[in-house]
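Observations on the model geometry
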Amino acid sequence: IEPVDSMGTPRRKFPENFVPELQSLLAVPLGDMGILAVIREESLPSDLFIKTLAELVNRYNRTKKGNPVLVGTYSSQIALYLKKYFPELPFVAFSRSEAELFNHRTYEPKIYALSIELANQSLITQLNNESKGVWIFNINEEKEMEELVKIGAGGIITQNAPTLLKLKAKLAGECRNLIVPSS
């Protein structure tokens, strides 16, 4: 796998604050943190890259206890590839619009990550009723985080991890969360 820039992921000390490859990151004890590897459509990754990444993540998830590594994408083309060749891989479908969400529903992701503009109580409830995880991305304000958790968001993707940790303690287990830097 080509070097992966993970300077802000997660807020732990790595040599020079840079992990040269995903394999190196997976060798670090993560404790209660998880990893989400997002494949962006604009990077136009090759099938070989996606296959290599999925195999590495599957191997890690089968051998390690604790939080699984998840793969996420905005691209319905990448989602199709993951679903077809790696159906056991837990993947996160990122959606910024209703059209992206509609396209992703075909591939039955384990988790939907919705932009704040798309998130509403009705949609979150519907996805939760379908036994899907619902995360909301790019949320940095505590009040907004708390409102989303109260209407059923199971995860918050943020650049403001301290605020999310404070909220988790305040709500005393009412929510599960994923802390990753948003870009």
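Residues numbered from 1 in each chain as written. Predicted model: local features only at pLDDT ≥ 70, side-chain atom pairs only at ≥ 80, totals over all residues. Heavy atoms only, no water.

Points about the pattern of salt bridges
- Evaluated as defined, the whole model comprises seven salt bridges.
- The partner of R105 in a salt bridge is E130, and the shortest N-O contact between them spans 2.6 Å. Pair noted here: R105 is in helix 4 (residues 98–105) and E130 is in the loop between helix 5 (121–129) and strand 5 (133–137), with a separation of 25 residues, a long-range link.
- Residue classification places R105 among the partly exposed positions, given a relative accessible area of 27%.
- Between K170 and E146 there is a salt bridge, with its nearest N and O atoms 3.0 Å apart. Of this pair, K170 sits in helix 7 (residues 161–171) while E146 sits in helix 6 (residues 142–150), and the two are 24 residues apart along the sequence.
- Each of E146, K150 and K170 takes part in salt bridges that share partners, so that together they form one network. (Salt bridge = Lys/Arg side-chain N within 4 Å of Asp/Glu carboxyl O. Helix = DSSP H or I, 4+ residues; strand = E, 2+ residues; numbered from the N terminus. Buried < 20%, exposed > 50% of the residue type's maximum accessible area, 1.4 Å probe, protein only.)

Some points on the packing of helix 6 against helix 7
- As a packed pair, helix 6 and helix 7 sit with axes 10 Å apart at the nearest point and diverge in direction by 45°. Classified by the interaxial angle, the pair formed by helix 6 and helix 7 is oblique. As helix 6 runs across helix 7, the sense of the crossing is right-handed. Of the residues in helix 7, those touching helix 6 at E142, M145, E146, V149 and K150 are T163, L164, K166, L167, K170 and L171.
- Residue composition of the contact of helix 6 with helix 7, grouped by class: five nonpolar, one polar and five charged. (Axes fitted to C-alpha atoms, helices over the stretch in contact; angles between N-to-C directions. Parallel < 35°, antiparallel > 145°, perpendicular 65-115°, else oblique. Left-handed = near helix turned anticlockwise from the far one by under 90°. Contact = heavy atoms within 4.5 Å. Nonpolar A, V, L, I, M, F, W, Y, C, P; charged D, E, K, R; others polar.)

Considerations on the nonpolar core
- Counting residues in hydrophobic clusters, the biggest one holds 37 residues, and the most contacted among them are V71, L82, L89, L114, I136, L148 and I156.
- With five residues, helix 2 (residues 47–63) is the single largest residue contributor to this core.
- Those residues in contact with V71 that sit more than four places away from it in its chain are L36, A37, I39, L53, V57, L82, L89, P90, F91 and V92.
- Core analysis: the next-biggest nonpolar cluster, separate from the first, contains 10 residues, Y74, A113, W135 and F137 among them. (Core = buried A, V, L, I, M, F, W, Y, C linked by side-chain atoms within 4.5 Å.)

Some points on the packing of aromatic side chains
- As enumerated under the stated definition, the model contains four aromatic pairs in all.
- Through a chain of ring-to-ring contacts, the aromatic side chains of Y74, F94 and F137 assemble into a single cluster.
- Above the face of the Y74 ring, R96 is positioned so that its terminal group lies 4.0 Å from the ring centre. (Phe/Tyr/Trp six-rings, centres within 6.5 Å; stacked < 30°, edge-to-face > 60°. Lys NZ or Arg CZ within 6 Å of the ring centre and 35° of its normal.)

Quick notes on the pairing of strand 2 (residues 69–73)
- A large share of strand 2 lies buried, amounting to five of its five residues.
- Sheet analysis places strand 2 next to strand 3 (residues 91–95), joined by three bridges and oriented parallel. When the sheet's bridge partners are listed, V71 is paired in strand 3 with F91.
- Handedness of the crossover joining strand 2 and strand 3 through helix 3 (residues 76–85) is recorded here as right-handed. (Pairing = 2+ DSSP bridges. Right-handed = clockwise from strand over helix to strand, strands pointing away.)

Some details on helix 2
- For helix 2, built from 17 residues, the straight-helix expectation of 24 Å at 1.5 Å per residue is met to within 8% by its first-to-last C-alpha distance of 24 Å.
- Taken together, the buried positions of helix 2 are occupied by I50, L53, A54, L56, V57, N58 and Y60. (Expected span 1.5 Å × (residues − 1).)

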